[in-house]
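Report on the structure
Spelled out, the chains give:
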Amino acid sequence: MNDLAAALHRALPALRVSADAADRVAYARDLWPRHHLDVRAGNVAEHRPGAIAWPESTADVQELVRWAARTRTPLVPFGAGSGVCAGVLPREDVVVVDLKRMARWRRFDPAAPSLDVEAGHMGVPLEDELNRRGFTLGHFPSSILCSTVGGWVAARSAGQASGYYGKIEDMVAALECVTGTGDVVTLRRRAHGPDLVPLVVGSEGTLAIVTSATLRLHPAPTSRGFASFTFGTVEAGWEAMRAIFQAGLRPAVCRLYDPFDAMIARRGAVKRERPARPGGGAREREHAPGRGTALLRSILRRPAALNGLLATRAGARAMGGAMLVLVFEGTDERPVRDAEEARRIAERLGATYDGEGAARRWLQHRYSISYRQAPALADGLFIDTMEVAATWSRLGALYDGVRRALGESVFVMAHFSHAYPDGCCIYFSFAGSAATDTPPGGWDEGCQRVYDATWQRALDAAIAAGGTLAHHHGVGRSKAPRLGPELGAGVGVVRALQRAFDPHGILNPGSLVPPVSPDPYMHHAPIRTPASREPA
Amino acid sequence: MSGARDVSIDAESRLARVSGGATLGAVEAALAAAGLTLGIDDFAAVQGRTVAAWLADGAPGARDAWRDPVDHLVAGLEARLPSGQWLDIRPAPRRAVGPDLVALFAGTAGRFGTIEHAWLRVHTAGAPRPDTSPFVLDRDPGVSPGEEALLAAIDRELRGAPR
């Protein structure tokens, strides 16, 4: 046990604490893809916390925060670690606070209907139990197998059925949280204000540690309506999405895939097992890539031509066009009726109706596509996703601008997975590699350079197009340096909120806001981040 | 202060950028010319109020947000902070870049700044609006001492009071 864990144990002997080497490695990061490049390069856990604590009650969290405030010990709240923006990047003097032992149902009210549930509850068992009781939360992020209620709230998560149920911020009726002074406060939504809930939702653990959330529930769906369509261009597809939402229809699932993404989706999105290869892991293959890997790396070193080709009308035609899938949900005949109405709208806008099959297959395999990073990483590549959003009038500029920015250095595809009456989210997926066969510093460092430059260019393009940096992944440390261009004086307001909720600056310091700023509200000391790991 | 010049419409996004000083009546008239509406219930009771005052008061008459979770009332706004700084929250359907700063101005009686412009959701006049399943809860519970303490701390920090 190290000094930090020993001090914590002395102060709070009943609290479960660990400074075990394996635990410190396990809690050294979230799922930021750049971490994966570090791991591949042999830096398994550069940012290890000093200790990990597992509170079992709000009182435990309160005592822990009060101790941390007294000793000025930074705390990093932790759900299941599925964040992808470096929201978790501890250091030796940090205690990671894993909330997963707080997973009780506090109050289930079938009449409202609502559920007050502790923040550490995992997604799938929550939805399963709600279904058994005839209800649904309606929140199905791709990370549902490895994320918690508290994580959803912290990051402003979105689920695949957001077209009917909304995002997590549209589901929270109240939050119990512990502020940086150790005060336990219940924040409640109010129709006519004041409403502090929207301030803590999305604050990424920097304002308070959320200990429970009261969530609005819906009756579990007993009927569904399905439809799928092909469009000649992705633009025609999003015009149909816009018309559908502005007509007052609310498909729970509304996903438009650009032609390349559609080509993959049409294959069923079924995860295939790859046979184990002899010869060990990525390090060995780095030095002697197979013929397929070498070809892939070669293509990804010059992605602009391929991206350009696929963006043409001929390219779109060759791949079968853009694909839209719709799934309506409800408890009566309305979903089928609404699917028919959506079909009339889509066909009026030039769609070819493809029946229900693709939408039904999508629902069946809804989580299959989210865990395919490993094979690409093993082949020496990198993969990441970027989710941005804009109003409908700026969507074309956002799509073109970000796609062009990404496409200079990585292979890019996109789908549009969260629509609203006033705008839409674009979810870009991209794959890249080092710029040359033998980059200075080695292959993995070469990949990191391309990765950093790609992200910076794409975030700048999103801002220039009038979009937002993030729709549901959050900011963390990876996007924090670009927050100023989007929020302007809002960055100072966020810092003021941090001081109000957490005057000692102990809650996840260094995340969400830029690390250094001349802003007069500046209070928090920037977290130490090695220059080589700082996003460009 | 109010008139058509105070309202610019992004019909494609069903949004309108309106001046905080414009009356709701003037905004609604400008929207009506484009076949749009704010969709406020009991409009007669609020039409003489300015947009800034109406939002600061919690938008009485606006449709209950729980009825259509996919929609929202304010997509963005521009406000003058107590420090004199200008805050521009650009319109977006949803975002995940930290706290939703609109909450500092909607329903807070002008405590944290003055709304200069707001991007409001507008609707096709006469068109039905969706309703999800019923949700019954206290829409306006009282403000607890803990919440009031946080509001006071925010107020203090936004005014940059030395500590």
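Residues numbered from 1 in each chain as written. Chains lettered and ligands numbered in written order. Predicted model: local features only at pLDDT ≥ 70, side-chain atom pairs only at ≥ 80, totals over all residues. Heavy atoms only, no water.

Within chain B, the regular secondary structure consists of three helices and seven strands. N-terminal to C-terminal, the α/β element order of chain B is β-β-α-β-α-β-β-β-β-α. By the compact-globule yardstick of 15 Å for 163 residues, chain B fits well, its C-alpha radius of gyration being 16 Å. Counting only C-alpha atoms, chain B reaches 55 × 40 × 30 Å along its principal axes. Going through the 163 residues of chain B one by one, you find that 52% of them count as buried. For chain B, the accessible surface area stands at approximately 6400 Å², while carbon and sulfur atoms represent 55% of it. Of the charged side chains in chain B, 17 are positive and 21 negative; the average position of the first set lies 4 Å away from that of the second. (Helix = DSSP H or I, 4+ residues; strand = E, 2+ residues; numbered from the N terminus. Rg over C-alpha atoms; globule rule 2.2 N^0.38 Å. Buried < 20%, exposed > 50% of the residue type's maximum accessible area, 1.4 Å probe, protein only. Areas by Shrake-Rupley, 256 points an atom, 1.4 Å probe, with all protein chains shown as cover. Lys, Arg positive; Asp, Glu negative; His and termini not counted. Charge placed at Lys NZ, Arg CZ, Asp CG, Glu CD.)

Quick look at the pattern of salt bridges now. It is possible for side chains bearing opposite charge to pair when their charged atoms get close. One pass over the structure, following the stated rule, counts 40 salt bridges over all chains. Residue Arg24(A) is joined to Glu92(A) by a salt bridge in which the shortest nitrogen-to-oxygen separation is 3.0 Å. Of this pair, Arg24(A) sits in helix α2 (residues 21-26) while Glu92(A) sits in the loop between β3 (75-78) and β4 (95-98), and the two are 68 residues apart along the sequence. Under the relative-accessibility criterion, Glu92(A) is labelled exposed at 54%. Linking Glu486(A) and Arg95(B) is a salt bridge whose minimum nitrogen-to-oxygen distance equals 3.0 Å. Here Glu486(A) is found in helix α20 (residues 483-487), whereas its partner Arg95(B) is found in the loop between β5 (86-89) and β6 (114-121) on a different chain. Here the salt bridges do not stand alone but share partners, grouping Arg104(A), Arg106(A), Glu118(A) and Glu176(A) into one network. (Salt bridge = Lys/Arg side-chain N within 4 Å of Asp/Glu carboxyl O.)

Moving on, we get to the sheet that holds strand β4 (residues 74-80) of chain B. Residue and element names in this part refer to chain B. Taking strand neighbours across the sheet as the criterion, the five strands line up as β1-β2-β6-β4-β5 in an open arrangement whose pairing is antiparallel. Looking at which strands have only one partner, the edges of the open sheet turn out to be β1 (7-10) and β5. Neighbour-to-neighbour, the strand axes of the sheet open up by a mean angle of 15°, direction not taken into account. Across four bridges, β4 lies against β5 in antiparallel orientation. The partner of Leu 77 across the bridge, within β5, is Ile 89. The sheet strands contacting helix α1 (residues 24-32) are β1 and β2 (15-19), and the helix crosses β1 at an angle near 40°. (Pairing = 2+ DSSP bridges. Axes fitted to C-alpha atoms, helices over the stretch in contact; angles between N-to-C directions. Contact = heavy atoms within 4.5 Å.)

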